[in-house]
Amino acid sequence: MGSEMCIRDRVESERLRSVADPDTEPFRSRYEERALLKKLSQQAHANAQANALSSEARSRATFVEAAAKAMLGANFMDTEETGQARGLLEGSLSVISEVSEAHSLTIDTLNRLAVLAANREEHQLSLQLLERALKQYESACQQVTAYVQALDVSESAGTPDNVAVDAAGAAKEARKLEDLHTLTGYYLAQAYGNCGQAAESAHWCQRTMERQLRNRGSGRQDDYGFKAHEWARNASTLSAYFCAENQFAAAEACLHAADAVLKNRRAEEKARLAALASEVKTRATDGSDGTSSEGEVAAFSKPRNYMTRIGAEAIAASNLPDEAKHPAAKVAHGRPVTLSGTQVDDPTPGIDPLGSTTAAAQLPEEELEAAAQLDIAFVEFWISLLHALAGGEQKPAASQTVSFEGIRLPKPHPATSLDENFRTPEVAREVYRLGAAHAARAKAFFVLDGFVTDHCTILSLESSLLRELMAFEPQLTRRLAMHKRRAELLQLPLRELNENAYVQIYRQALFDMATIRSDMLELRTVQLEDEPEQRRNAKLAPFVADAIAAHTEFLRRLDKDGKPPDKVDDESAHAYVNSRLSLS
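Residues numbered from 1 in each chain as written. Predicted model: local features only at pLDDT ≥ 70, side-chain atom pairs only at ≥ 80, totals over all residues. Heavy atoms only, no water.

Caption draft 1: How the structure looks around the nonpolar core. Counting residues in each nonpolar core, the largest one holds 108 residues, and the members touching the most others are Ile96, Trp231, Phe242, Phe381, Leu385, Phe404 and Ile407. Tallying contributions element by element places helix 15 (residues 365-391) first for this core, with 16 residues. Residues contacting Ile96, with those up to four places away along its chain left out, are Phe63, Ala66, Ala67, Ala70, Ala102, Leu105, Thr106 and Thr109. Ala509, Phe554, Leu555 and Val568 belong to the second largest nonpolar core, which has 23 residues in total. (Core = buried A, V, L, I, M, F, W, Y, C linked by side-chain atoms within 4.5 Å. Buried < 20%, exposed > 50% of the residue type's maximum accessible area, 1.4 Å probe, protein only. Helix = DSSP H or I, 4+ residues; strand = E, 2+ residues; numbered from the N terminus. Contact = heavy atoms within 4.5 Å.)

Written out as structure tokens, the structure is:
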């Protein structure tokens, strides 16, 4: 089999992989690629068996057959036919891994086999395959470096004439290796997590995110192009890990980095739309034949960013101090956030100046949702910090710092140090307000009509914010008022949702309501302990009735034929026992 045919088929295979097929036939080009690779594999197999060919030619044909099968395995994975992919990938690995020119194909094959192993819950095997991919990458880097040095020598000597072509090929191969290594790191973060090694998982998560930032602004639209919403989601995940380790400064840094990336994306989109509007205006002025499509006009004439839609409403709802409500105001620990040459004043960490339309731009729905999900992550962060401050959590032995190239982050909130000086009611109220502001903004996007699960999650987080704040409130009357506010938050899903359609959400709300009513009864009992018994009992009666009714409503949902169940599913068992004990 001629090398020209092999190269031609490989180039055509790469072209077919890059084709964007219509939604009605999403894998049409991939099926064409599959037919091409099958033909290549069959021809290579025949050549490998041909005694008329030299030993070197037969060895080469064996490699081409294995490479074609590895690419076939990738094809089957990409078309969601994983059952046939595994055998092809495993069968080719032993051959291609021994050929120096197949480093990128070998790493891709190892990555894919690791994914298949993880899907089968063979997590240790998945981790071993990815560690092999790491070693393969290191070997490949050494080879590419040596090759580039050899090209430099050839160029300085003036020979050969095709040095530029070879250099371009080396650069393309180097980029492919870097892309695959980034993917290996992404999978390693998950593999270590699946194996219970949280610290290693966080390390690879951060390392992968740092590598992904290098593709920011590259304009790449392939699978390795930078996607702001995915990066922000990974930053939120990393933040949650740091919270669990009481590394709150690092956790906050991750969230601010995500916020900066999303802000930069909004700035880019605003600039693009401004350029588009200018172009349309120029066409109209010049009277040129070029016309704008309906989509182009709509793109800048119908703002739909939820940041604009809620305006100052979220800030007002958060009860932030007056000075923090003004777009130009800055809190003590705020700093300008800079990304790719764009500086954005950040008056309240993680919160846009919501009254300003300059922060708003047209974005795909997935990026709007990413911004709202980031708000939820901020709420969870402030809840965790409040809990740590209230619970007397100790400072970690060594504070971990997080930074990302090209992103200038604000200083962390002083309370993230867990210093005793910041375990005060005043600081706790400030932390609460920051969390409440993010919750209000997230709810403006995740409205109940359309985002039931997310909206109810936010309501639950708002309730948790109030619960954690209570630890800093000495006055029983104010604590009772906070519980009352928590109960009001849960009334919405109980009043508006179809119980049959949202069984678990509804039951959770009922249980949370019952818990709140019990807590209110307990507080009221303490508050009335010096009252005469008859008067105390009279004042407690409505609280007792509310608690009994709430627990009864929850338990009734788990009854079988009107009787207490013999067994409760694992998800509800803990809540069921607690509710039974509280009711008794």
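Having seen it, we continue.
Caption draft 2: Representation of the packing of aromatic side chains. Summed over the entire model, instances satisfying the criterion amount to 11 aromatic pairs. When the ring of Phe27 is compared with that of Tyr31, the centres are 6.3 Å apart and the planes differ by 70°; the resulting orientation is edge-to-face. Ring plane angle 75° and centroid distance 5.1 Å describe the contact between Phe446 and Phe451, whose orientation is recorded as edge-to-face. By relative accessible area, Phe446 is classed as buried at 0%. By relative accessible area, which is 23% here, Phe451 ends up partly exposed. An aromatic cluster of three or more residues is present, and its members are Phe226, Trp231 and Phe404. (Phe/Tyr/Trp six-rings, centres within 6.5 Å; stacked < 30°, edge-to-face > 60°.)

Caption draft 3: Inspection of the packing of helix 8 (residues 198-213) against helix 9 (residues 228-244) at higher detail. Packing of helix 8 against helix 9 brings their axes to within 10 Å, and their N-to-C directions diverge by 150°. With respect to helix 9, the axis of helix 8 lies roughly antiparallel. Crossing geometry of helix 8 relative to helix 9 is assigned as left-handed. Contacts between helix 8 and helix 9 involve Ala198, Ala199, Ala202, Cys205, Gln206, Met209, Gln212 and Leu213 from the first element and Trp231, Asn234, Ala235, Leu238, Tyr241 and Phe242 from the second. (Axes fitted to C-alpha atoms, helices over the stretch in contact; angles between N-to-C directions. Parallel < 35°, antiparallel > 145°, perpendicular 65-115°, else oblique. Left-handed = near helix turned anticlockwise from the far one by under 90°.)

Caption draft 4: Just unusual backbone geometry, in detail. Although it is not a glycine, Glu80 sits at a positive phi angle of roughly 65°. Tracing the backbone through its elements, the reader meets Glu80 in the loop between helix 3 (55-78) and helix 4 (82-96). Within the chain, Asp561 stands out as a residue other than glycine whose phi angle is a positive 55°. As for its placement among the helices and strands, Asp561 is situated in the loop between helix 20 (533-556) and helix 21 (570-583).

Caption draft 5: Spatial organisation of the pattern of salt bridges. With the rule as written, the count across this model stands at 31 salt bridges. Here Arg265 makes a salt bridge to Glu269, at a shortest N to O gap of 3.2 Å. Here Arg265 and its partner Glu269 are both found in helix 10 (residues 248-286), 4 residues apart, which amounts to about one turn of the helix. Owing to a relative accessible area of 19%, Arg265 belongs among the buried residues under this scheme. (Salt bridge = Lys/Arg side-chain N within 4 Å of Asp/Glu carboxyl O.)

Caption draft 6: Focus on a nonpolar patch on the surface. A grouping of Val544, Ile548 and Leu583 is seen on the molecular surface, where their side chains present a nonpolar patch of about 200 Å² in accessible area. Take Val544: it is sitting in helix 20. Of the residues examined, Val544 reaches a relative accessible area of 32% and is grouped as partly exposed. (Patch = residues over 30% accessible without salt bridge, like charges linked within 9 Å, V, L, I, M, F, W, Y side chains within 5 Å. Areas by Shrake-Rupley, 256 points an atom, 1.4 Å probe, with all protein chains shown as cover.)

Caption draft 7: Up close: the environment of Glu366. The topology assignment puts Glu366 in helix 15. Along the backbone, Glu366 and Glu230 are 136 residues apart, and their C-alpha atoms lie at a distance of 9.3 Å.

Caption draft 8: Representation of the environment of Ile458. Position of Ile458 among the secondary structure elements: in helix 17 (residues 452-469). Taking C-alpha positions, Ile458 is 9.8 Å from Leu489, a pair spaced 31 residues apart along the chain.

Caption draft 9: Spotlight on helix 15. In this model helix 15 runs 39 Å from its N-terminal to its C-terminal C-alpha over 27 residues, within 8% of the 39 Å that 1.5 Å per residue would give. Directly beyond the C-terminal end of helix 15, a positive phi value near 70° is found at Gly392. (Expected span 1.5 Å × (residues − 1).)

Caption draft 10: View of the side chain of Ser463. By secondary structure assignment, the location of Ser463 is in helix 17. We classify Ser463 as buried; its relative accessible area is 5%. Non-local contacts of Ser463, meaning those with residues more than four positions away in its chain, are made with Arg486, Leu489 and Ile516.

Caption draft 11: Fine view of the side chain of Asp375. Structurally, the position occupied by Asp375 is in helix 15. In this structure the side chain of Asp375 is engaged in a polar contact, spanning 2.8 Å, whose partner is the side chain of His438. (Polar contact = N/O pair within 3.5 Å; in protein donor to acceptor, adjacent residues only side chain to side chain.)

Caption draft 12: Molecular detail of the state of the cysteines. Under the criterion given, the structure shown has 0 disulfides. Unpaired in terms of disulfides, Cys243 finds its nearest cysteine sulfur in Cys254, a separation of 9.1 Å. (Disulfide = S-S within 2.5 Å.)

Caption draft 13: Up close: the packing of helix 16 (residues 425-445) against helix 17. Contact geometry of helix 16 with helix 17 gives a least axis separation of 10 Å together with a crossing angle of 170°. Taken together, the axes of helix 16 and helix 17 are roughly antiparallel relative to one another. On the side of helix 16, the interface is formed by Ala428, Arg429, Tyr432, Gly435, Ala436, Ala439, Ala442 and Lys443, while helix 17 contributes His455, Ile458, Leu459, Glu462, Leu465, Leu466 and Leu469. Of the residues contributing to the contact of helix 16 with helix 17, the split by class is 10 nonpolar, 2 polar and 3 charged. (Nonpolar A, V, L, I, M, F, W, Y, C, P; charged D, E, K, R; others polar.)

Geometry only, nothing functional implied.
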